[in-house]
Amino acid sequence: MKKFTTCCFTGRIPETHQTPDYSLKPRQSMENPLKNKHHVCESEKVKDNRPDNIILNFDFSQGLQSWHPNCCDGYVVSGEPGYLNAVSANSGGRYAVVTNRKACWQGLEQDITSRVSPGSTYTVSARVRVLGPLQGSSGVQATLRLEYPDSATSHLFVGRASVTKDRWEKLEGTFSIETMPNRVVFYLEGPAPGVDLLIDSVYVICSNLKEHETATMKCFADDENIILNPHFDDGLNNWSGRGCKIALHDSMGDGKIQPLSGKFFASATERTQSWNGIQQEITGRVQRKLAYEVTAVVRIFGNNVTNANVRSTLWVQDQNQREQYIGIASLQASDKEWAQLQGKFLLNASPSRVVVYLEGPPPGTDILVNSLVVKHAAKVPPSPPPVIENAAFGVNIIENSRLDSGLNGWFPLGNCTMSVATGSPHLLPPMASDSLGPHEPLSGRYILVTNRTQTWMGPAQIITDKIKLYLTYQVSAWVRVGPGVKTPQNINVALGVDSQWVNGGQVEVNDDRWHELGGSFRIEKQPSKVMVYIQGPSSGVNFMVAGLQIFPVDRQVRFKHLKKQTDEIRKLDVILKFMGADDCLLGTFVRVRQTQNSFPFGACVNRTNIDNEDFVDFFVKHFNWSVFGNELKWYWTEAQQGKFNYKDADDILDLCKSHGIECRGHCIFWEVESTVQSWIKSLNKNDLMTAVQNRLTGLLTRYKDKFRHYDVNNEMLHGSFYQDRLGKDVRAYMFKTAHQLDPAATLFVNDYHVEDGSDTRSSPEKYIEQILNLQEQGAPVGGIGIQGHIDSPVGPIVCSALDKLGILGLPIWFTELDVSSINEYVRADDLEVMLREAFAHPAVEGIMLWGFWELFMSRENSHLVDAEGNVNAAGQRYLALKEEWLSHAHGHLDDKGEFRFRGFQGTYTVDVVTLTKTTTKTFVVDKGESPFELTINL
């Protein structure tokens, strides 16, 4: 993973610090609200003996008939004393036991589709309790799963009860469905994994609207703030200090600080740790699988600090008392004015406690809060597909690029000197040539830049009126430094977009040859000024630029080429030979359908994700490989020396194993110093080497044969923590030792910006050099990981990097692929570029997405599925490509009793229809030489 922060929902890097004193006040009684279109209501009382119960076998008198355990086990026992730890039924009859639960969403369900109707209101009542390894209480929840014709699935919260092992509790709630889905499933869920759920009876009763409106209700509007006393109108009620004191103010600083709104604001003061702040417990007022938006108005005060980072964070304690910190949002706050801090969060599991708080500034600095609001996040309508008129694909927007009219159109940025000379290449740089096709030769003229006193000085042009929003532009040029330069120099095509700097591509030049510079960019907000300029070498270094091209790329033309290449690279000729009586084969018709492509398509998963059944359902349906976001990293498994946490990794591994999903081990070490936990940094050389050896032995012995791949030492092009302290041989040592401990695992290097021309530290040439050096030291490097955190991708640039790396003969994997755009249709286009380029390249043997679910990704605006489970345009594009890469064929047998087609590797079903019968067989097309022959006996 690159320089991004860890996934915002997976918590922080655990550090050793004093356990905070939460000192939370008793919360007001408020049950979880039920969401529907107009309001959320909770019925106060439901009769237990109504005759119109729509639940079949409501009291389990017929065993589990009509009920189905969801990915777990269930059975019915007698309610008489003496059964099941002497638990008696509340009703005196039987009750159901749901056991072997691996996730909190697993429970007991019943299809009620034919017995509910839209517009009606239903009240729910159930008697529940729990049994098993549990201290205190656990939440049990009633939920509806709604399956719609377009394959979308949503979940509707119904009601929740806090339940113990000691007695039966009543769970109550209501629901109403506006439009009728294809399928409505009612289910009970919620306790922590390993805890058995006991159900005595279930009633779901229809009540007409009049009865519903006149019942005693507690109603909560959709947009209601779940924070109590959010503007401090009631003083500091419901608020407390998290390891510090809090105070109420109507002004501060001799009257210079006034509330932005309302009469009061609060301060978190006498802070001695960065995590000290103001907090409120919101347990019982947040629902799992709903996205919430947090908005706070904040500033800082005191300690001579004028700017500091303020963060909103969620502290969550699960049913097993395990703690989790969820970063919501951060902001550089000042002591001059109020600022708005805004972010989102979602809970995958039912927690036992939830606290929202503000933290971040250094000790001694007060956090001031004018208001804090937490509401269910409003649905944001997707941006429409961008309409681009007169795109002029392939047309260079740089004026006088050939320098036919001297320096006309160009100007020097800074006090440098420019002149025109001859002697540059006449051919287009290869990456540009791949995009443009046949093209007139360059003029051979170039711009010579001299008298440079700053690195940013160089030739420039204003291109504001030539840029079109949402178009992807490719950048190409020949560049060179002047004679006598002895150190490597970076040359960069940059864009000044109003006050922002945009990287258009860069290359490191370390000799006096002409070098190809390639890159790309895209602008998605209307700028007032766009300037392109060439910069980078050290002051005093002369450089040359020839044939600068900036042109929009036609992705559809490239896609046509890639589709043909994909058929050549990924498909095999398949010959099915059918054996049977000759009369049996006469007129035989064959229909072949591929059900699964065996090419590895994987995704990043975090431990909290697997508590969300919607996430799990999408993941297991659409991916066959997995990588863990954080849970295998050293800072996660041993945050404090000698205290190990492998349970999170074990849980994900167990889920993947149960669904036949292969796993990559990411990562054994991470070379970037900022990712190394503090206790490792404090070790001397000998103790550090011992810790490295213990890490290798402990991890690879525990998980031998469990992970198909390992990223041995992540991002060695961008960091050198272990090499600096333990010597240049330590990297090869890590590879060699890992291979000895787990010989079956393929060992990878893994790094970012290798594929896009935007980072001179990780060019394909430097990556190749690093790999060859490792191999010369005996490191068994078995694979090349390209992370793929990319912006505005251009196919030929990506393909050029793959071609260069492919000469090593090692398998290449995209290990952490994500693309980002506010417009989900542009995001879909970017994703298609990357998936098609990778799938069409013979050296690429797998593609891993660095997540797909909103709020659980490193980068914003990169998700395929929103937080509440709706697939967006980018997700639909991914699914469409997966469908495109399945082969189907039909026809009659030839005179040899054979059927031939060309298809992808993977699993197939074949229907063989003769005059007398239809036979269905399954077969697998394995990787190998073409043609693939298979005999099927009828």
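Residues numbered from 1 in each chain as written. Predicted model: local features only at pLDDT ≥ 70, side-chain atom pairs only at ≥ 80, totals over all residues. Heavy atoms only, no water.

## Observations concerning the overall build of the protein chain
- For the protein chain, the count of helices and strands is 15 helices and 48 strands.
- In terms of overall dimensions, the protein chain has a C-alpha envelope of 100 × 95 × 65 Å along the principal axes.
- Sorting the 938 residues of the protein chain into buried and exposed places 57% on the buried side.
- Expressed as a percentage of contacts within the protein chain between residues at least 6 apart in sequence, the contacts between residues at least 24 apart total 78%.
- A total accessible area of about 38800 Å² is found for the protein chain, and carbon and sulfur atoms account for 49% of it. (Helix = DSSP H or I, 4+ residues; strand = E, 2+ residues; numbered from the N terminus. Buried < 20%, exposed > 50% of the residue type's maximum accessible area, 1.4 Å probe, protein only. Contact = heavy atoms within 4.5 Å. Areas by Shrake-Rupley, 256 points an atom, 1.4 Å probe, with all protein chains shown as cover.)

## With respect to the nonpolar core
- Counting 112 residues, the largest nonpolar core has Leu 576, Tyr 710, Tyr 722 and Phe 852 as its most contacted members.
- Here Phe 852 is in contact with Ala 603, Phe 615, Phe 618, Phe 619, Phe 623, Met 857, His 863, Leu 864 and Val 865, once residues within four sequence places are set aside. (Core = buried A, V, L, I, M, F, W, Y, C linked by side-chain atoms within 4.5 Å.)

## Quick look at the pairing of strand E11 (residues 196-207)
- E11 sits mainly inside the fold: 11 of its 12 residues count as buried.
- When strand E4 (residues 94-99) meets E11, the two strands line up antiparallel, connected through 3 bridges. Of the residues in E11, the one forming a bridge with Val 97 is Leu 198.
- Where strand E6 (residues 121-131) lies against E11, 11 bridges are found, and the strand directions are antiparallel. In the strand pairing of E11, Arg 127 is matched with Ser 201. (Pairing = 2+ DSSP bridges.)

## Considering the environment of Thr 697
- Relative to the elements of secondary structure, Thr 697 occurs in helix H9 (residues 685-702).
- Here Thr 697 falls in the partly exposed class, since its relative accessible area comes to 41%.
- Counting along the chain gives 43 residues from Thr 697 to Gln 740, while the straight-line C-alpha distance between them is 9.9 Å.
- Those residues in contact with Thr 697 that lie beyond four places of it in its chain are Arg 702 and Leu 741.

## Some words on helix H5 (residues 613-622)
- By the burial criterion, the buried members of H5 are Glu 613, Asp 614, Phe 615, Val 616, Phe 618 and Phe 619.
- Here the buried face of H5 lies against strand E8 (153-163), strand E10 (183-189), strand E35 (601-605), strand E36 (625-628), helix H7 (647-658) and helix H15 (873-884).
- Taking the backbone nitrogen of Asp 614 as reference, a side-chain oxygen 2.9 Å away marks Asn 612 as the first, capping residue of H5. (Polar contact = N/O pair within 3.5 Å; in protein donor to acceptor, adjacent residues only side chain to side chain.)

## Quick notes on the packing of aromatic side chains
- The tally for this structure, following the rule as stated, stands at 41 aromatic pairs.
- Seen in terms of ring centroids, Phe 623 and Phe 852 are 5.2 Å apart; in terms of plane orientation they differ by 25°. Their pairing is stacked. Here Phe 623 is found in the loop between H5 and E36, whereas its partner Phe 852 is found in the loop between strand E43 (844-849) and H15, with 229 residues between them in sequence. Of the two residues examined, Phe 623 and Phe 852, each falls in the buried class.
- In textbook terms, an aromatic cluster arises when at least three aromatic residues are bridged by ring pairs, as seen for Phe 599, Phe 601, Phe 615, Phe 618, Phe 619, Phe 623, Phe 839, Phe 852, Trp 853, Tyr 878, Trp 885 and Phe 904.
- Over the face of the ring belonging to Trp 338 we find Arg 299, whose NZ or CZ atom lies 5.4 Å from the ring centre.
- The positively charged end of Arg 570 is found above the aromatic ring belonging to Phe 839, 5.3 Å away from the centroid. (Phe/Tyr/Trp six-rings, centres within 6.5 Å; stacked < 30°, edge-to-face > 60°. Lys NZ or Arg CZ within 6 Å of the ring centre and 35° of its normal.)

## A short note on the side chain of His 376
- Positionally, His 376 belongs in strand E22 (residues 366-376).
- At a separation of 2.7 Å, a polar atom in the side chain of His 376 contacts the side chain of Glu 868.

## Some details on the pattern of salt bridges
- With the rule as written, the count across this model stands at 51 salt bridges.
- One salt bridge connects Glu 359 with Arg 311, and the closest N-O pair in it is separated by 3.5 Å. On the criterion of sequence distance, the pair formed by Glu 359 in strand E21 (residues 353-359) and Arg 311 in strand E18 (residues 307-317) is long-range, its members being 48 residues apart.
- Its relative accessible area of 1% is what places Glu 359 among the buried residues. (Salt bridge = Lys/Arg side-chain N within 4 Å of Asp/Glu carboxyl O.)

## Some points on H7
- For H7, which comprises 12 residues, the first-to-last C-alpha distance of 16 Å matches the rise-based estimate of 16 Å (1.5 Å per residue) to within 8%.
- If you check which residues of H7 are buried, you get Asp 648, Ala 649, Asp 650, Asp 651, Ile 652, Leu 653, Leu 655 and Cys 656.
- Along its buried surface, H7 packs onto E35, H5, E36, helix H6 (634-637), strand E37 (662-670) and H9. (Expected span 1.5 Å × (residues − 1).)

## Looking at the environment of Tyr 470
- Residue placement: Tyr 470 occurs in the loop between strand E26 (458-462) and strand E27 (473-481).
- In contact with Tyr 470, not counting residues within four places along its chain, are Pro 386, Ile 388, Arg 522, Ile 523, Glu 524, Asn 823 and Val 826.

## A closer look at the packing of helix H14 (residues 824-839) against H15
- In the contact formed by H14 and H15, the axes pass within 7 Å of each other and the chain directions differ by 30°. One way to sum up the angle between H14 and H15 is to call them roughly parallel. When the axes of H14 and H15 are compared, the crossing they make is right-handed. Between H14, through Glu 824, Tyr 825, Arg 827, Ala 828, Asp 829, Leu 831, Glu 832, Leu 835 and Arg 836, and H15, the contact on the second element is made entirely by Ala 873, Ala 874, Arg 877, Tyr 878, Leu 881 and Glu 884.
- Looking at the contact of H14 with H15, its residues break down into 8 nonpolar, no polar and 7 charged. (Axes fitted to C-alpha atoms, helices over the stretch in contact; angles between N-to-C directions. Parallel < 35°, antiparallel > 145°, perpendicular 65-115°, else oblique. Left-handed = near helix turned anticlockwise from the far one by under 90°. Nonpolar A, V, L, I, M, F, W, Y, C, P; charged D, E, K, R; others polar.)

## Points about unusual backbone geometry
- Of note, the amide linkage connecting His 666 to Cys 667 takes the cis form, showing an omega dihedral of -10°.
- Tracing the backbone through its elements, the reader meets Cys 667 in strand E37.
- Positive phi is not limited to glycine here, since Asn 390 has a value of about 55°.
- Examined against the element boundaries, Asn 390 turns out to sit in the loop between E22 and strand E23 (411-413).
- The class of Asn 390 is exposed, set by a relative accessible area of 68%.

## Some details on the pairing of strand E9 (residues 169-176)
- Most of E9 is tucked away, with 6 of its 8 residues classed as buried.
- For E6 and E9, the ladder comprises 8 bridges, and the chain directions are antiparallel. Counted as the bridge partner of Thr 121 is Ser 176 from E9.

## Here we look at the confidence of the model for the protein chain
- Residues of the protein chain with pLDDT of at least 70 account for 91%, and the chain-wide mean is 89.
- Contacts for the low-pLDDT stretch residues 1-51, under 50 throughout, to residues beyond four places or in other chains number 168 contacts.
- Overall, residues 209-222 carries pLDDT values under 50, and its contacts beyond four positions in sequence, including any with other chains, amount to 28 contacts. (pLDDT = per-residue confidence, 0-100.)

## Observations concerning the state of the cysteines
- Throughout the structure, instances matching the rule amount to 0 disulfides.
- In this model Cys 663 remains outside any disulfide bridge; the closest cysteine sulfur is found in Cys 656, 3.8 Å from its own. (Disulfide = S-S within 2.5 Å.)

## Notes on the sheet that holds strand E17 (residues 291-301)
- Spatially, the 5 strands line up as an open sheet ordered E14-E15-E22-E17-E20, and their pairing is antiparallel. Edge positions in the sheet fall to strand E14 (245-249) and strand E20 (339-346), since each of these pairs with one other strand and no more. Strand-to-strand twist in this sheet, taken as the mean axis angle between neighbours without regard to direction, amounts to 35°.
- Relative to E22, strand E15 (residues 265-269) runs antiparallel, the two being bridged by 3 bridges. Bridge pairing links Ser 267 to Leu 368 in E22.

## Describing the packing of H9 against helix H11 (residues 730-741)
- At a minimum axis distance of 9 Å, the contact between H9 and H11 shows a crossing angle of 30°. If you check the angle between H9 and H11, you find them roughly parallel. With respect to the hand of their crossing, H9 and H11 are arranged in right-handed fashion. When H9 is examined against H11, the residues Met 689, Val 692, Gln 693, Leu 696, Thr 697, Leu 700 and Thr 701 are found in contact with a partner set consisting of Val 730, Tyr 733, Met 734, Thr 737, Ala 738 and Leu 741.

## Things to note about the sheet that holds strand E24 (residues 417-422)
- With respect to topology, 5 strands assemble into an open sheet ordered E24-E25-E32-E27-E30, the strand pairing being antiparallel. A single partner strand is all that each edge strand has here, and the edge strands are E24 and strand E30 (515-521). Going across the sheet, the axis of each strand differs from the next one's by a mean of 30°, ignoring polarity.
- Summarising the sheet, E24 and strand E25 (residues 445-450) pair through 6 bridges and their orientation is antiparallel. By the bridge assignment, Met 418 is partnered in E25 with Val 449.

## Points about the side chain of Ser 424
- Along the polypeptide, Ser 424 turns up in the loop between E24 and helix H2 (430-436).
- Judged by its relative accessible area of 6%, Ser 424 is buried.
- For Ser 424, the side chain forms a polar contact with the main-chain oxygen of Gly 444, separated by 3.0 Å.
- Polar contacts involving the side chain of Ser 424 include one to the main-chain carbonyl oxygen of Arg 445, which spans 3.3 Å.
- Residues contacting Ser 424, with those up to four places away along its chain left out, are Gly 444, Arg 445, Tyr 446, Trp 514 and Ala 546.

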